[in-house]
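# Coordinates in review
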Amino acid sequence: MSLKFFNTLERKNVEFKSIEPNKVQMYTCGPTVYDYGHIGNFRTFVFQDILRRYLKYKGYEVTQIMNLTDVDDKTIKGAQLEGISLKKFTERYTKAFFEDRDTLNIEQAEQYPKATNYIAEMVKMIMKLTEKGYTYQNGGAIYFDISKFKNYGKLSGIKTQETSRRSRIKKDEYKDEAIDFILWKPWNKNDGDIFWKTKLGKGRPGWHTECSAIANLYLGPLFDIHSGGVDLIFPHHENEIAQSEAANDSKFANYWLHAEHLILDGEKMSKSLKNIYSVRDITKKGYSGRTIRYLLASAHYRTQLNFTDAGLKQAESSLERLQDFIRRLKNFEDGKNNPELTNKVQEFSRMFEAEMDNDLNIPGALSVIFDFLKDINRLMDMKEISRVNVDDVYNTMIRLDKVLGFINTSEEKISEKIKELIIHREEARRSKDWKKSDLIRDELLKKGIILEDTLDGVKWKKKQ
Ligand code: AMP
Ligand code: ZN
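In this text the structure is predicted, and so the values were computed from the model without any measurement. (Residues numbered from 1 in each chain as written. Chains lettered and ligands numbered in written order. Predicted model: local features only at pLDDT ≥ 70, side-chain atom pairs only at ≥ 80, totals over all residues. Heavy atoms only, no water.)

### Regarding the coordination of the zinc ion (ligand 2)
Taken together, C29 (SG), C211 (SG), H236 (NE2) and E240 (OE) make up the full set of protein donors to the zinc ion (ligand 2), lying 2.1 to 2.6 Å away. One can describe the site at the zinc ion (ligand 2) as irregular: its 4 donor atoms subtend angles covering 72 to 130 degrees at the metal. Along the chain, the residues that donate to the zinc ion (ligand 2) are spaced as C-x181-C-x24-H-x3-E. In this pair, C29 sits in the loop between strand 3 (23-28) and helix 1 (39-57) while H236 sits in helix 7 (residues 233-248), placing the two residues 207 residues apart along the sequence. H236 matches C29 in its accessibility class, with the two residues each being buried. (Donors = N, O, S within 2.8 Å, 3.2 Å for Na, K, Ca; no water. Tetrahedral: all angles 85-135°; square planar, octahedral: opposite > 155°, others 65-115°. Helix = DSSP H or I, 4+ residues; strand = E, 2+ residues; numbered from the N terminus. Buried < 20%, exposed > 50% of the residue type's maximum accessible area, 1.4 Å probe, protein only.)

Next up, the structure:
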């Protein structure tokens, strides 16, 4: 089966073909590091992670570049409010971003270039655009003249009006109207001590130029995949295309993939609407990073996902079912050899891939997994499956989960101290010291260990 993506540029599902065989070069717009990322941002980052993992699963060597926006109006304002340097301020949130990434089991990209390390490249790009006649100056600022780029609007479908062509915008973020956008912002007093002295004067580049310059440096003028949330289609990605294609006389990216929004009470989760939850807000409620990951990944990336407490609980219980299944496979003793099992497992893998090949249909892939789980659980109940069969199932589950990143295979490892506590509790229970037994049980629960008393003795598992 061939891999298909919905390419925003073509507005349809198309077959994916990499520029170089077995290699994918991918650019993903990274966070603006002025606060903790919210789970809306992380919906997009989890989607990009599964995209990356699935490409690897299909045998591609993936190079993913994710920029970190560590200079813009928001970061400057944040640093000034706290009276600390921009570097110190953005480093705090960069560190937090990496911690949250790890909490959500998102793989590391190959590079995380910080915008402030690439000002020279951005200046070079602006100069090139100026030489080619795509820019003009106004009040010390340099603007991109969108009327000079004939394909402006090809990604978002926005129309350029004669009237709007004569207007321009200083802000990086704007909506709905195709207007000339800023490439170089001259210093003003609000910027304080944040500026670069360059051939373009004293100031700083606009946000859109950052991604174009960094992508060009790391991936060249043309690469395979560019991606972000749908809010970036216009103007950010439209502007990236205009600058890059105008500067390099080359197509910029072949495939554009955009994740729909995470919403809360019908509105996009965003800092400006003050309706945000960070990853930390949710883990503090007792949910694991993997539960959050499961929730964010479980809806199709091109549909909006409404964030609710009920959704989180459901994600937790689905993940628990998956984890219980893995545990059961590990501990299953033996049963009858099942000659049909090899075919069944292969068919399961094929069905999973067919769903993922179809524009990363994770809801479809999950229903394939849960049907399979039910089937195998039934066979284990009846002992109509051998240990060798079960190993086959287990290895396949782990192989497919390399794409999803839901299963915690290290969960069976516990520290010596916890082992000792479990033994002490067993002793207390056997000697009918219920008070002590309950105390230890509660202590273990606080450490994330759940005990289950079964006919075969006490069993434990880690809280998801
Ligand atoms: P930012 O830090 O605002 O530049 O955003 C980082 C990434 O998160 C971008 O790809 C955005 O498109 C994406 N994003 C922002 N808000 C949401 C949301 N509510 N749902 C999904 N993705 C979002
Ligand atoms: Zn970008």
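### Remarks on the sheet that holds strand 14 (residues 267-268)
Within a sheet, neighbouring strands are paired by backbone hydrogen bonds and run either parallel or antiparallel to one another. With mixed pairing, the 3 strands of this open sheet are ordered in space as 14-13-15. The sheet is open, and its two edges are formed by strand 14 and strand 15 (305-306), each paired on a single side. (Pairing = 2+ DSSP bridges.)

### Description of the site of ligand 1
Surrounding ligand 1, one finds 17 residues, the nearest of these being G40, T44, D231, L262 and M269. Here an oxygen atom of ligand 1 and a backbone polar atom of T32 are 3.1 Å apart. Separating an oxygen atom of ligand 1 from a side-chain N or O atom of N41 is a distance of 3.1 Å. With the chains in place, 92% of the 500 Å² that ligand 1 exposes on its own is no longer accessible. Breaking the shell around ligand 1 down by element, the ones donating at least two residues are helix 1 and strand 11 (223-229). No other element matches the 4 residues that helix 1 contributes to the shell around ligand 1. (Near = heavy atom within 4 Å. Polar contact = N/O pair within 3.5 Å; in protein donor to acceptor, adjacent residues only side chain to side chain. Areas by Shrake-Rupley, 256 points an atom, 1.4 Å probe, with all protein chains shown as cover.)

### Some remarks on the domain arrangement of the chain
In terms of domains, the chain is made up of domain 1 (18-259), domain 2 (279-404) and domain 3 (416-462). Contacts between the two partners involve 24 residues from domain 1, matched on the other side by 29 residues from domain 2. Both faces considered, domain 1 and domain 2 share a buried interface measuring about 2,300 Å² in area, 62% of it formed by carbon and sulfur atoms. Three residues stand out in domain 1 for area buried against domain 2, namely I39, R43 and Y57, and they jointly supply 32% of the buried area on that side. Summed over the shared surface of domain 1 and domain 2, the number is 4 salt bridges. The partner of R280 in a salt bridge is D100, and the shortest N-O contact between them spans 3.0 Å. If you look at where domain 1 meets domain 2, you find 14 residue pairs in polar contact (both at pLDDT 80 or more). Residue assignment for the side of domain 1 that touches domain 2 shows that the elements contributing at least two residues are helix 1, helix 3 (86-103) and strand 12 (253-259). It is helix 1 that provides the largest number of residues to the side of domain 1 that touches domain 2, a total of 11 residues. Of the residues contributing to the side of domain 1 that touches domain 2, the split by class is 14 nonpolar, 4 polar and 6 charged. (Domains from an automatic or database assignment. Contact = heavy atoms within 4.5 Å. Buried area = accessible area lost by both parts, 1.4 Å probe. Salt bridge = Lys/Arg side-chain N within 4 Å of Asp/Glu carboxyl O. Nonpolar A, V, L, I, M, F, W, Y, C, P; charged D, E, K, R; others polar.)

### Concerning the sheet that holds strand 11
Read across the sheet, 4 strands follow the order 4-3-11-12 without closing on themselves; strand pairing throughout is parallel. The open sheet is flanked by strand 4 (61-66) and strand 12, the only strands paired with a single partner. Shown here is a sheet whose adjacent strand axes are inclined to one another by a mean of 20 degrees, direction ignored. Both strand 11 and strand 12 contribute to a ladder of 6 bridges, which runs parallel. Counterpart to H226 in the pairing with strand 12 is W256. Where helix 1 meets the sheet, it contacts strand 3, strand 4, strand 11 and strand 12, and its direction lies at approximately 155 degrees from that of strand 11. Along the sheet, helix 7 contacts strand 11 and strand 12; its crossing angle with strand 11, the most-contacted strand, is approximately 160 degrees. (Axes fitted to C-alpha atoms, helices over the stretch in contact; angles between N-to-C directions.)

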